[in-house]
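# Commentary on secondary and tertiary structure
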Amino acid sequence: MSRTEEFQELRPLLFSIAYRILGSVSEAEDAVQETWLRFETSSTEPRSVKAFLSATVTRVSIDVLRSARVRREEYVGAWLPEPLLTDPYEDPARSAELADSVSMAALLLLERLSPLERAAFVLREVFGFGFPEIATAVGRSEAACRQLVVRARRHMTAGRPRFEADRKQRESLAAQFFDALRDGDVDGLRKLLAADVTMVGDGGGKAPQLARAVNGSDRVARLLASVFPSMLRTHVALETREVNGLPGAVFRDGDGRVLHTMALDVADGRIQAIGTVINPDKLAHLGPVADAWALQDEVRAARRLTDRGWSASPAGAAGKAATRSDEPGAARE
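Notes on the structure follow. Counting from 1, residues in each chain are numbered in the order their sequence is written. pLDDT decides what is reported in this predicted model: residues at 70 or higher carry local features, side-chain atom pairs at 80 or more are listed and counted, and totals for whole chains, interfaces and linings draw on all residues regardless. Calculated side-chain values reflect all of the structure's heavy atoms, with hydrogen atoms and water omitted.

### Notes on the sheet that holds strand β6 (residues 270-277)
Strand order in the open sheet formed by six strands is β2-β1-β6-β5-β4-β3, with mixed pairing between adjacent strands. Both outer strands of the open sheet, β2 (214-215) and β3 (237-243), are each paired with one neighbouring strand and no more. Pairing analysis gives five bridges linking strand β4 (residues 246-252) to strand β5 (residues 258-267), with the strands arranged antiparallel. Within β5, the residue paired with Phe251 across the bridge is His260. In what follows, residue pairs with any heavy atoms lying within 4.5 Å of each other are defined as contacts. Helix axes use the C-alpha atoms of the stretch in contact, all axes being lines fitted to C-alpha atoms, and the angles between their N-to-C directions lie in the range 0 to 180 degrees. Note on conventions: DSSP H or I runs of at least 4 residues are helices, E runs of at least 2 residues are strands, and numbering of each starts at the N terminus. Sheet strands touched by helix α9 (residues 167-183): β1 (193-202), β3, β4, β5 and β6. Its angle to β5, the strand with the most contacts, is close to 130 degrees. Its contacts with the sheet place helix α11 (residues 217-233) against β1, β2, β3, β4, β5 and β6, and it is angled at close to 50 degrees to β1. We call two strands paired when DSSP finds no fewer than two bridges between them.

### Quick notes on the packing of aromatic side chains
We call Phe, Tyr and Trp rings a pair once their centres come within 6.5 Å, taking the six-membered ring for Trp, and we label the pair stacked below 30 degrees between planes, edge-to-face above 60, and tilted otherwise. Counted under the stated rule, the structure contains seven aromatic pairs. Considering the side-chain rings of Tyr89 and Phe127, the 5.8 Å spacing of their centres and the 55 degrees angle between planes classify their relative orientation as tilted. Note that Tyr89 is positioned in the loop between α3 (49-73) and α4 (95-101) and Phe127 in the loop between α6 (115-126) and α7 (131-138), a separation of 38 residues in sequence. Judged by relative accessible area, Phe127 falls into the buried class, the value being 10%. For each residue, the accessible area found with a 1.4 Å probe, counting protein chains only, is set against the maximum for its type, and the residue is called buried under 20%, exposed over 50%, and partly exposed in between.

### Thoughts on the pattern of salt bridges
Counted as salt bridges are all cases of a side-chain nitrogen of Lys or Arg within 4 Å of a carboxyl oxygen of Asp or Glu. Summed over the entire model, instances satisfying the criterion amount to 21 salt bridges. We note a salt bridge from Glu45 to Arg3, for which the minimum N-O separation is 3.3 Å. Residue Glu45 is located in the loop between α2 (25-41) and α3, and its partner Arg3 is located in helix α1 (residues 3-22); the two are separated by 42 residues in the primary sequence. Note on Glu45: relative accessible area 56%, which makes it exposed.

### Things to note about the side chain of Thr276
For Thr276, the position within the fold is in strand β6. Thr276 gets classed as buried once you look at its relative accessible area, which sits at 7%. Once residues within four sequence positions are removed from consideration, Thr276 is found in contact with Leu80, Met199, Val200, Gly201, Asp202, His260, Thr261 and Met262.

### Things to note about the packing of α9 against α11
The contact between α9 and α11 brings their axes to 7 Å, and the two run at 75 degrees. By the angle between their directions, the pair α9 and α11 is classed as roughly perpendicular. Contacts between α9 and α11 pair Phe177, Leu181, Arg182 and Asp183 from the former with Leu224, Phe228, Pro229 and Leu232 from the latter. Partitioning the contact of α9 with α11 into residue classes produces six nonpolar, no polar and two charged. Working rule for angles: under 35 degrees goes down as roughly parallel, over 145 as roughly antiparallel, 65 to 115 as roughly perpendicular, anything else as oblique. As a working rule, the residues Ala, Val, Leu, Ile, Met, Phe, Trp, Tyr, Cys and Pro are called nonpolar, Asp, Glu, Lys and Arg charged, and the rest polar, with Gly in that last group.

### Observations concerning the nonpolar core
Remark: nonpolar core denotes a set of buried residues (Ala, Val, Leu, Ile, Met, Phe, Trp, Tyr, Cys) joined through side-chain atoms within 4.5 Å. The biggest cluster of nonpolar side chains holds 49 residues, and the ones touching the most others in it are Ile17, Tyr19, Phe127, Ile134 and Val138. Mapped by element, the contributors of at least two residues to this core are α1, α2, α3, α5 (104-110), α6, α7 and α8 (142-159). For this core, the element with the highest residue contribution is α1, accounting for ten residues. When sequence neighbours within four positions are dropped, the list of residues in contact with Ile17 reads Ser54, Val57, Thr58, Val122, Leu123, Phe127 and Phe129.

Below is the structure:
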């Protein structure tokens, strides 16, 4: 095969490595492109193209992550990974590791690791690379890489239990959740949520967002029931999708533009965490992005009409957002 063909064959793997290290679709795509440029201009012929490209994309991703840490420390509000709807890399022998490692919860735990720990953990625990390959990729000895993986594994294990792998149970619970969400059924939602459930929204200061995380089944259920039925009555469409390997949804306006995503972490038969991403910079890879601020105004207007006993006009574009600072999609005013 030509270099181009070899690279294209390995591209899904390279993207998947970079995404798990960076938690960003756009940055992962840039890292893969930089890897191609280095491969294309290299005068040597590597003995293993896979090893060479994997090491290169890892080193590029580590450099990007180090610079991104400063930006994330200055990030407005809660930071969540860019939503990933489809992981391009598949390996039946490691399907559990791949699915688990791309969840919102796992990626947030990876954020706590140093760049080297994160890279070593991803290569070893997720993709099954040997320590000689990891050592080449991160520029450390094999013994040092073993220590990096041990430390990272300890942090990851202590941070969270493994989420349930029973797909049918998760899908059934998610279907009940979204039915209750559409109906604004507080009791129905409360029954599906863990007692200590947490809901987090990421707007990055560029869209309406939660002022803070919301905790507890009662508060989260009431918040969801007070906001989302109004959204859906103003022509916001709820499209159930897998988001970061978890049951979730993409919300779109009347023109099909992306408003935000939602992912549900499930364990022990209950929803443990809800993550929503509304930052337009993190949604651009999914297609045209809606104007969340304008949609927030539409929803507010529709709710005022409803509160007065009138019917909301169906002619608006589509709505999203919350009316209080503790609602999803609502900024503190």
